[in-house]
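Spelled out from the first residue to the last, the chains are:
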Amino acid sequence: MKVTVVGAGNVGATCANVLAHRDFLTEVVLLDIKEGTAEGKALDTWQQAPIDYYSTKVTGVTNDYSKTANSDVVVITSGLPRKPGMSRDDLISTNANIVRSVTENVTKHSPNAVIIVVSNPLDVMTYCAYLTAKKDSSKVFGMAGILDTARYRAFLADEIGCSPKDIQAILMGGHGDTMVPLPRYTTVAGIPVTELVAKDKLDAIIQRTKVGGGEIVNLLGTSAWYAPGAAAAQMVEAILKDEKRVFPVCAWLTGEYGLQNIYLGVPVVLGKNGIEKIIELRLNEEEKALLQTSAQHVKEVMDVLDNMKEQKV
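It should be emphasised that the depicted structure is a prediction, and the values quoted were computed from it without experimental measurement. (Residues numbered from 1 in each chain as written. Predicted model: local features only at pLDDT ≥ 70, side-chain atom pairs only at ≥ 80, totals over all residues. Heavy atoms only, no water.)

Undergrad: Any chance you could explain the nonpolar core here in plain terms?
TA: Nonpolar side chains tend toward joint burial in soluble globular proteins. Core analysis: the largest hydrophobic core is formed by 88 residues, its most contacted members being Val-5, Leu-19, Val-73, Val-75, Ile-116, Phe-141 and Leu-270. Take this core: its biggest share by element is nine residues, from helix 4 (residues 122-133). Not counting the four nearest positions on each side in its chain, Leu-270 is found in contact with Phe-141, Met-235, Ala-238, Ile-239, Glu-243, Lys-244, Arg-245, Phe-247, Val-249, Ile-275 and Glu-276. If you look at the next biggest cluster of nonpolar residues, it comprises 14 residues, including Tyr-152, Val-193, Leu-202 and Ile-206. (Core = buried A, V, L, I, M, F, W, Y, C linked by side-chain atoms within 4.5 Å. Buried < 20%, exposed > 50% of the residue type's maximum accessible area, 1.4 Å probe, protein only. Helix = DSSP H or I, 4+ residues; strand = E, 2+ residues; numbered from the N terminus. Contact = heavy atoms within 4.5 Å.)

Here's what the structure looks like:
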C-alpha cells in the first residue's frame, strides 16, 4: 500500500512520520514545492527506522507528481499556515489555488485515490478539492473532527484527572470557532461526562476547544502540527486497514441533518471505500441550532470560493 502526503511542512512531515511508525505501508511519498525539504525530512524519517523498528520506506520528492502514481490515499496539507491575528478565512484565496493545483496533479497520477484534506480553511478547502477532483464525495473529505475531539478529550482528561484513552467524544460543525462539541455524547469509560464535570467547567472546556487552534498559534506563532499530523495518519490507517472506525469527519452532506450541498463535520464510518456511512445523531433543539449556525458560517465562506474568478468548474 502506498500513501502520498503533499506538503512537507510541520503537519505533512508529522503525518508521514506517524504513518511510517505504524509500519503497515509499503511506501510513503512526501512531496513539497520547496527544493530539498521533502527529501531531507524523508531521509531523516528513514534513518529513524532502524531505531524505532519500522520498514515503511519514506521517499521525498520536489514537485514531481509522477512519483506519487498509484497512491491509495493522498493527504493534502499544502497551503499557508495561520499567523497570529489571522483567521482561517483570511487564507481562502491563496490556499484555494494551491489545493486546486495539488488536487489536479494527484488525481492525474492516482485517479482512484481517496483524498484527505488538511489545508485551512478546512471545510472550504475540502469543498475546493471535491470540485476539482470530480469524484464521489465518499472519496474526498477533510480532517478536522479528530483533531478537535482530541483537544476536547485532552482538556477533559486534565480536568477529571484521568487518561485521555478513556474519553469518547463527538464534535460536529465547521472546523473553527463555530464547531459544536456535544457533551450529551461525551463519556468517560461509559460514564456521562456531565456526572464528572460541573457545567461551568465543562462550558469553559468547550470554549477552549473552539479556539484550541488559535491558542497554539498565539503560543508558537504558527499552527499546531503534532496532533493534526497524527489525526490525518489515523484516518489513513482506518481506511487502508478497513477498520470501519467511527470518526467525526468533514463530509459532503446531501440532506443529512437537514443540510444540503455543504461540507461539514459529522460522525461517519471510515473504511476501505472512504466514507462508508454518515451517522445521523438525534440532536436536540439547542444542538440543532448550534449546528445550523456553524453551517451558515461555512456556507458563507464556500460562497466566497464559488464567486472567485479563478473558480472554473
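Having put the structure on the table, let's press on.
Undergrad: Hey, could you run me through the environment of Gly-213 in this one?
TA: Tracing the sequence through the fold places Gly-213 in helix 7 (residues 212-220). Classification of Gly-213 as buried rests on a relative accessible area of 9%. Between the alpha carbons of Gly-213 and Ser-223 there is a distance of 6.8 Å; along the sequence they are ten residues apart.

Undergrad: Explanation requested: empty space enclosed by the protein in the structure shown.
TA: Which parts of space are left empty comes out when a probe the size of a water molecule is rolled across the atoms. Scanning the entire structure with this criterion turns up one cavity of 30 Å³ or more. Its boundaries defined by the atoms lining it, the largest cavity holds a volume of some 70 Å³. Ala-144, Gly-145, Asp-148, Gly-173 and Gly-265 are, among the 13 residues lining the largest cavity, the residues nearest its centre. Those elements that provide at least two residues to the lining of the largest cavity are helix 5 (145-160), strand 8 (171-172) and strand 12 (245-254). (1 Å grid on protein atoms, 1.4 Å probe; cavity = no way out; pocket = protein on both sides within 12 Å on 5 of 7 lines; lining within 4 Å. Points joined across faces, edges and corners; volume = space filled by probe spheres on them.)

Undergrad: Help me understand the pattern of salt bridges, please; the structure alone is not making it clear to me.
TA: Pairs can form between side chains of opposite charge whenever their charged atoms are close. Within this structure, the stated rule accounts for ten salt bridges. Linking Glu-159 and Lys-201 is a salt bridge whose minimum nitrogen-to-oxygen distance equals 3.6 Å. Of the two residues, Glu-159 sits in helix 5 while Lys-201 sits in helix 6 (residues 199-210), which places them 42 residues apart along the sequence. Of the residues examined, Glu-159 reaches a relative accessible area of 37% and is grouped as partly exposed. Asp-303 is the salt-bridge partner of Lys-299, the closest N and O atoms lying 3.1 Å from each other. Of this pair, Lys-299 and Asp-303 both sit in helix 9 (residues 285-307), four residues apart, which is roughly one turn of the helix. Residues joined in a network through salt bridges with shared partners are Arg-22, Glu-237 and Lys-241. (Salt bridge = Lys/Arg side-chain N within 4 Å of Asp/Glu carboxyl O.)

So, to be careful, I would describe these as geometric facts and stop short of saying anything about function.
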